[in-house]
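The chain contents come next:
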Amino acid sequence: MTADAAVWLHGQAVDTGQAQAIPGDASARRYWRLAGRRLFMDAPAPEDILSFLRVQQRWRHAGLPVPKILAAQLQPGFVLLEDLGSKDLKTILDAGTDIEQWMQQALDLILAVQLAGRADASRPLLSCFSRQDLEEELALFHDWYLLRHLGVTLDGKEQRTLHKLFALLVDNALHQPQVWVHRDFHARNLMLQMDHRRLVMIDFQDAVTGPWTYDLASLLWDRHWDWGRVRRQGWILDFQRRLTGTCKRDMPQEPFLRSVLWMALQRNFKILGIFCRLAYRDGKSGYLDLLPQFRKYVLDALTEDTQLNPFLPTFSRWLAA
């Protein structure tokens, strides 16, 4: 903890004598657990806590489960917030008990976020997940996985194949209903609030108005477990039934399943690129160990969907173990 951080915390009447550092995430943010069930986040530049604070206020006002903010300072990026403990959804699912119950609660939470967004009349809206945003995510696969990790330079035919598939995925995302999206909705970002036995969202600073399948894909195509096609499809169809009930919109199963699969494919391409960027740019080489899971996800999608089969020969060369 820096001297400036300690001074600021003392100004908040916080004793830092027994502060415990907590392992961070993929960002530059750093965390400490403090007495009195409080957590300190230090977000140095180029991190920006303003988006975190804005989404927290918006979502808490909407009744969504997010941690309380006790104090904050924009520069140099200090936040004192409620400590939710160390038990997240990953820990719960690793234990192997009540998996269905907890996954249903996570699916309910995605739906709650979407419903809250529809009911929210605040201005300005959460920023829209634009075509440019989606294309920039997919460019990570080309720039960091293909070029930097594999050292592959695409010829003209390969470039056209890549762009054709990516255009399909972007159009799929943009043609969906646009709702509030956490954008990093996975098991490590869902904390268990012991007092209420409910899941609470963290790391929501990148929330946007975007495709309604995005958070669902984020949850079900996880880095820690491959749930398998049958189990994953069951959760998707269950979510679809509840979504149909809330939006009063007819959604045939096959098109909805495809929209989720393609959204997951877009995310998994992005993740392959992000993990390589974390390894080569930020020196976090451990992320390379996670590549096989997401290579498999991509190959599975290209194999399972008849509309995507023509892309398999090209991509399989790049995704072989």
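The preceding data block contains the structure.
Chains are numbered independently. Their residues run from 1 in the order of the written sequence. pLDDT decides what is reported in this predicted model: residues at 70 or higher carry local features, side-chain atom pairs at 80 or more are listed and counted, and totals for whole chains, interfaces and linings draw on all residues regardless. The basis for every side-chain value is the complete set of non-hydrogen atoms in the structure, without hydrogens or water.

A. Seen up close, the packing of helix α5 (residues 131–150) against helix α11 (residues 312–319). Each axis is a line fitted through C-alpha atoms, and for a helix only the stretch in contact is used; angles between axes span 0 to 180 degrees, taken between their N-to-C directions. Secondary structure elements are taken from DSSP: a helix is a run of H or I of four residues or more, a strand is a run of E of two residues or more, and numbering for both begins at the N terminus. In contact at an axis separation of 11 Å, α5 and α11 are set at 55° when each is read in the N-to-C sense. As judged from the angle between their axes, α5 and α11 are oblique. Here Phe141, Tyr145, Leu146 and Leu150 of α5 come into contact with α11, specifically with Phe315, Trp318 and Leu319. Residue classes follow a fixed rule: Ala, Val, Leu, Ile, Met, Phe, Trp, Tyr, Cys and Pro count as nonpolar, while Asp, Glu, Lys and Arg count as charged, and any other residue, Gly among them, counts as polar. Residue composition of the contact of α5 with α11, grouped by class: seven nonpolar, no polar and no charged. For classification, angles of less than 35 degrees are called roughly parallel, those exceeding 145 degrees roughly antiparallel, those between 65 and 115 degrees roughly perpendicular, and all remaining angles oblique. Any two residues whose heavy atoms approach within 4.5 Å are treated as being in contact.

B. Expanded view of helix α8 (residues 229–247). Along its 19 residues, α8 runs 26 Å from first to last C-alpha, staying within 8% of the 27 Å computed at 1.5 Å per residue. Listed as buried for α8 are Arg232, Trp235, Ile236, Leu237, Asp238, Phe239, Gln240 and Leu243. What a helix should span is 1.5 Å times the count of its residues minus one. Partly exposed describes any residue whose relative accessible area lies between the buried limit of under 20% and the exposed limit of over 50%, with all areas from a 1.4 Å probe on protein chains only and scaled to the type maximum.

C. Seen up close, the packing of α8 against helix α9 (residues 253–280). One way to put it is that α8 packs onto α9 with a least axis distance of 10 Å and a crossing angle of 115°. Seen along the crossing, α8 lies across α9 with a hand that is right-handed. Contacts between α8 and α9 pair Gln233, Ile236, Leu237, Phe239, Gln240 and Leu243 from the former with Gln253, Phe256, Leu257 and Val260 from the latter. The residue makeup of the contact of α8 with α9, split by class, is seven nonpolar, three polar and no charged. By convention, the crossing between two helices is left-handed when the near helix turns anticlockwise from the far helix through less than a right angle, and right-handed when the turn is clockwise.

D. View of empty space enclosed by the protein. Residues are called lining when one of their atoms sits within 4 Å of a cavity or pocket point, these points coming from a 1 Å grid over the protein atoms alone, where a cavity is a set in which a 1.4 Å probe fits but cannot get out and a pocket is an open set with protein on both sides within 12 Å along at least five of seven lines. Grid points are joined across faces, edges and corners, and a volume is the space filled by probe spheres set on the points. By the definition in use, this model includes two cavities of 30 Å³ or more. Computed from the structure, the largest cavity encloses a volume of approximately 40 Å³. Along its surface, the largest cavity is lined by Arg29, Met41, Ala43, Glu47, Asp48, Ile49, Phe52 and Gln205. Here the residues of the lining of the largest cavity are counted per class, giving four nonpolar, one polar and three charged. Here the second largest cavity defines a volume of roughly 30 Å³. As for the second largest cavity, its lining consists of Trp221, Arg232, Leu261, Tyr297, Asp300, Ala301 and Glu304. Counting residues per element, the lining of the second largest cavity draws most heavily on helix α10 (residues 291–304), at four residues.

E. Summary view of the pattern of salt bridges. Salt-bridge detection follows one rule: a side-chain nitrogen of Lys or Arg within 4 Å of a carboxyl oxygen of Asp or Glu. Summed over the entire model, instances satisfying the criterion amount to 19 salt bridges. For Arg229, the salt bridge is made with Glu304, and the minimal N-O distance between the two is 3.8 Å. Within this pair, whereas Arg229 is found in helix α8, its partner Glu304 is found in helix α10, the two being separated by 75 residues in sequence. Two residues, Asp282 and Arg281, come together in a salt bridge whose shortest N-O distance is 2.9 Å. Judged by relative accessible area, which is 33%, Asp282 ranks as partly exposed. In this structure, a network of salt bridges that share partners links the residues Asp108, Asp238, Arg241 and Arg242.

F. Local environment of the sheet that holds strand β5 (residues 78–82). Pairing within the open sheet is antiparallel, and its five strands lie in the order β1-β2-β3-β5-β4. Pairing within the sheet leaves two strands with one partner each, and these edge strands are β1 (20–22) and β4 (69–73). Direction aside, the axes of adjacent strands within the sheet are offset by 20° on average. With three bridges joining them, β1 and strand β2 (residues 30–34) adopt antiparallel strand pairing. Its bridge partner lying in β2, Gln20 is registered against Arg33. Helix α1 (residues 3–11) contacts β2, β3 (38–42), β4 and β5 of the sheet and is inclined by roughly 50° relative to β5. At least two bridges found by DSSP between two strands is the condition for calling them paired.

G. Broad picture of the packing of aromatic side chains. Stacked, tilted and edge-to-face are the three classes assigned to paired rings of Phe, Tyr and Trp, where Trp is represented by its six-membered ring and a pair needs centres within 6.5 Å; plane angles under 30 degrees give stacked, over 60 edge-to-face, the rest tilted. The full count for this structure, using the stated rule, is 21 aromatic pairs. Ring geometry for Phe141 and Phe269: centres 4.8 Å apart, planes at 65°, overall edge-to-face. You can see Phe141 sitting in helix α5 and its partner Phe269 sitting in helix α9, a full 128 residues away along the chain. For the pair formed by Phe141 and Phe269, the shared burial category is buried. Cluster of aromatic residues (ring-pair linked, three or more members): Phe141, Tyr145, Phe166, Phe269, Phe315 and Trp318. Against the face of Tyr280 rests Arg148, its NZ or CZ located 4.2 Å from the ring centre. Both a distance and an angle decide whether a charge sits over a ring: NZ of Lys or CZ of Arg must be within 6 Å of the ring centre and within 35 degrees of the ring normal.

These figures capture arrangement, not role.
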